[in-house]
Amino acid sequence: MRNHLLRIGRYHLILTASLAATSCLAADPDQGETLARRWCADCHLVATDQKAATTDAPPFAAIARRPDFDLAKIEFFLRDPHPKMPNMTLGRAESADIAAYIATLK
Ligand code: HEC
(Lines give C-alpha, C1' and ligand atoms only; values in the text may rest on other atoms or scores of the structure.)
Protein backbone atom coordinates (compact mmCIF):
# COMPACT_ATOMS: atom_id res chain seq x y z
CA MET A 1 0.00 0.00 0.00
CA ARG A 2 2.76 2.38 0.95
CA ASN A 3 4.60 1.61 -2.21
CA HIS A 4 1.49 2.20 -4.21
CA LEU A 5 0.97 5.68 -2.77
CA LEU A 6 4.58 6.51 -3.40
CA ARG A 7 4.17 5.62 -7.02
CA ILE A 8 1.07 7.79 -7.37
CA GLY A 9 2.96 10.65 -5.76
CA ARG A 10 5.81 10.31 -8.23
CA TYR A 11 3.49 10.03 -11.19
CA HIS A 12 1.72 13.18 -10.10
CA LEU A 13 5.03 15.03 -9.90
CA ILE A 14 6.01 13.99 -13.40
CA LEU A 15 2.60 14.91 -14.74
CA THR A 16 2.71 18.36 -13.12
CA ALA A 17 6.20 18.98 -14.43
CA SER A 18 5.28 18.06 -17.97
CA LEU A 19 2.14 20.19 -17.87
CA ALA A 20 4.24 23.17 -16.79
CA ALA A 21 6.64 22.51 -19.65
CA THR A 22 3.77 22.36 -22.12
CA SER A 23 2.41 25.69 -20.96
CA CYS A 24 5.82 27.30 -21.47
CA LEU A 25 6.17 25.90 -24.93
CA ALA A 26 2.67 26.96 -25.86
CA ALA A 27 3.20 30.63 -24.92
CA ASP A 28 3.27 32.79 -28.02
CA PRO A 29 5.05 36.15 -27.60
CA ASP A 30 3.71 37.47 -30.92
CA GLN A 31 0.18 36.90 -29.74
CA GLY A 32 1.22 38.46 -26.44
CA GLU A 33 2.36 41.59 -28.24
CA THR A 34 -0.96 41.88 -30.03
CA LEU A 35 -2.80 41.55 -26.71
CA ALA A 36 -0.48 44.00 -24.95
CA ARG A 37 -0.97 46.63 -27.67
CA ARG A 38 -4.71 46.19 -27.43
CA TRP A 39 -5.18 45.97 -23.66
CA CYS A 40 -2.19 47.51 -21.93
CA ALA A 41 -0.90 50.35 -24.12
CA ASP A 42 -3.26 52.97 -22.63
CA CYS A 43 -1.24 52.92 -19.43
CA HIS A 44 2.01 51.07 -20.12
CA LEU A 45 4.68 51.60 -22.73
CA VAL A 46 4.41 48.14 -24.19
CA ALA A 47 6.81 48.44 -27.14
CA THR A 48 9.83 50.47 -28.12
CA ASP A 49 7.98 52.17 -30.98
CA GLN A 50 5.27 53.47 -28.67
CA LYS A 51 5.66 57.16 -27.88
CA ALA A 52 3.62 57.77 -24.75
CA ALA A 53 1.42 56.16 -22.19
CA THR A 54 -1.07 58.04 -20.09
CA THR A 55 -0.14 56.98 -16.56
CA ASP A 56 2.85 56.27 -14.39
CA ALA A 57 2.55 52.53 -14.97
CA PRO A 58 5.99 50.97 -15.46
CA PRO A 59 7.04 50.40 -19.10
CA PHE A 60 7.11 46.71 -19.99
CA ALA A 61 10.79 46.93 -20.93
CA ALA A 62 11.58 48.21 -17.43
CA ILE A 63 9.65 45.33 -15.92
CA ALA A 64 11.54 42.87 -18.10
CA ARG A 65 14.90 44.29 -17.02
CA ARG A 66 14.25 44.04 -13.30
CA PRO A 67 16.82 41.82 -11.61
CA ASP A 68 14.05 39.79 -10.04
CA PHE A 69 12.10 39.40 -13.29
CA ASP A 70 10.33 36.11 -13.25
CA LEU A 71 8.18 34.87 -16.09
CA ALA A 72 5.97 32.73 -13.89
CA LYS A 73 5.41 35.60 -11.46
CA ILE A 74 4.27 37.95 -14.23
CA GLU A 75 2.06 35.27 -15.66
CA PHE A 76 0.52 34.71 -12.24
CA PHE A 77 0.17 38.44 -11.58
CA LEU A 78 -1.75 38.84 -14.83
CA ARG A 79 -4.35 36.27 -13.90
CA ASP A 80 -5.88 38.96 -11.65
CA PRO A 81 -6.46 42.51 -12.87
CA HIS A 82 -4.32 44.98 -10.92
CA PRO A 83 -6.07 47.73 -8.97
CA LYS A 84 -5.97 50.54 -11.50
CA MET A 85 -6.53 48.30 -14.45
CA PRO A 86 -9.90 48.20 -16.16
CA ASN A 87 -11.94 45.20 -15.31
CA MET A 88 -10.47 42.74 -17.73
CA THR A 89 -9.66 39.16 -17.03
CA LEU A 90 -6.98 37.39 -18.98
CA GLY A 91 -7.15 33.67 -19.43
CA ARG A 92 -4.25 31.38 -18.71
CA ALA A 93 -3.07 31.36 -22.30
CA GLU A 94 -3.30 35.13 -22.69
CA SER A 95 -1.37 35.70 -19.47
CA ALA A 96 1.34 33.31 -20.62
CA ASP A 97 1.54 34.96 -24.05
CA ILE A 98 1.86 38.46 -22.59
CA ALA A 99 4.43 37.33 -20.02
CA ALA A 100 6.42 35.69 -22.82
CA TYR A 101 6.22 38.91 -24.82
CA ILE A 102 7.42 41.03 -21.88
CA ALA A 103 10.35 38.63 -21.51
CA THR A 104 11.42 39.40 -25.11
CA LEU A 105 11.88 43.10 -24.17
CA LYS A 106 14.88 42.46 -21.92
C1 HEC B 1 -5.62 51.63 -16.60
C2 HEC B 1 -4.19 51.54 -16.64
C3 HEC B 1 -3.52 50.18 -16.79
C4 HEC B 1 -3.76 49.22 -17.73
C5 HEC B 1 -4.78 49.25 -18.87
C6 HEC B 1 -2.82 48.16 -17.49
N7 HEC B 1 -2.04 48.46 -16.40
FE8 HEC B 1 -0.50 47.34 -15.65
N9 HEC B 1 -0.17 48.73 -14.21
C10 HEC B 1 -0.84 49.94 -14.10
C11 HEC B 1 -0.27 50.68 -12.99
C12 HEC B 1 -0.72 52.07 -12.54
C13 HEC B 1 0.75 49.88 -12.44
C14 HEC B 1 1.64 50.18 -11.25
C15 HEC B 1 0.90 50.12 -9.96
C16 HEC B 1 0.24 48.81 -9.72
O17 HEC B 1 0.94 47.76 -9.69
O18 HEC B 1 -0.99 48.78 -9.54
C19 HEC B 1 0.79 48.67 -13.24
C20 HEC B 1 1.66 47.62 -13.02
C21 HEC B 1 1.82 46.52 -13.86
C22 HEC B 1 2.82 45.50 -13.72
C23 HEC B 1 3.92 45.50 -12.69
C24 HEC B 1 3.59 44.76 -11.45
C25 HEC B 1 4.83 44.82 -10.59
O26 HEC B 1 5.36 43.75 -10.30
O27 HEC B 1 5.26 45.93 -10.26
C28 HEC B 1 2.64 44.60 -14.74
C29 HEC B 1 3.46 43.35 -15.02
C30 HEC B 1 1.53 45.07 -15.50
N31 HEC B 1 1.04 46.23 -14.95
C32 HEC B 1 1.04 44.43 -16.61
C33 HEC B 1 -0.03 44.88 -17.36
C34 HEC B 1 -0.54 44.19 -18.52
C35 HEC B 1 0.07 42.94 -19.13
C36 HEC B 1 -1.60 44.90 -18.97
C37 HEC B 1 -2.49 44.58 -20.15
C38 HEC B 1 -3.11 43.29 -20.16
C39 HEC B 1 -1.76 46.04 -18.09
N40 HEC B 1 -0.80 45.99 -17.13
C41 HEC B 1 -2.74 47.00 -18.24
C42 HEC B 1 -1.86 50.40 -14.89
C43 HEC B 1 -2.43 49.70 -15.95
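Residues numbered from 1 in each chain as written. Predicted model: local features only at pLDDT ≥ 70, side-chain atom pairs only at ≥ 80, totals over all residues. Heavy atoms only, no water.

A.B. asks: Looking at this structure, how should I read the overall build of the protein?
C.D. replies: Helix and strand counts for the protein come out as five helices and zero strands. For the protein, the sequential pattern of α-helices and β-strands runs α-α-α-α-α. Per-residue burial over the protein gives 29% buried out of 106 residues. For the protein, restricting intrachain contacts to residue pairs at least 6 apart in sequence, the fraction spanning at least 24 positions comes to 51%. Carbon and sulfur atoms provide 61% of the accessible area of the protein, an area that totals close to 7,700 Å². (Helix = DSSP H or I, 4+ residues; strand = E, 2+ residues; numbered from the N terminus. Buried < 20%, exposed > 50% of the residue type's maximum accessible area, 1.4 Å probe, protein only. Contact = heavy atoms within 4.5 Å. Areas by Shrake-Rupley, 256 points an atom, 1.4 Å probe, with all protein chains shown as cover.)

A.B. asks: Would you mind showing me how to read the pattern of salt bridges here?
C.D. replies: Proximity of charged atoms lets side chains of opposite charge pair with each other. All chains considered together, the criterion is met by two salt bridges. With a closest N to O distance of 2.8 Å, arginine 37 and glutamate 33 form a salt bridge. Of this pair, arginine 37 and glutamate 33 both sit in helix H2 (residues 29–39), four residues apart, which is roughly one turn of the helix. Ionic contacts of the salt-bridge type, sharing partners, join the residues Glu33, Arg37 and Asp49 into one network. (Salt bridge = Lys/Arg side-chain N within 4 Å of Asp/Glu carboxyl O.)

A.B. asks: Looking at this structure, I do not really get the environment of alanine 52. What am I missing?
C.D. replies: Relative to the assigned elements, alanine 52 resides in the loop between H2 and helix H3 (60–65). In the structure, alanine 52 is positioned 11 residues away from alanine 41 in sequence and 8.7 Å away in space, judged by C-alpha atoms.

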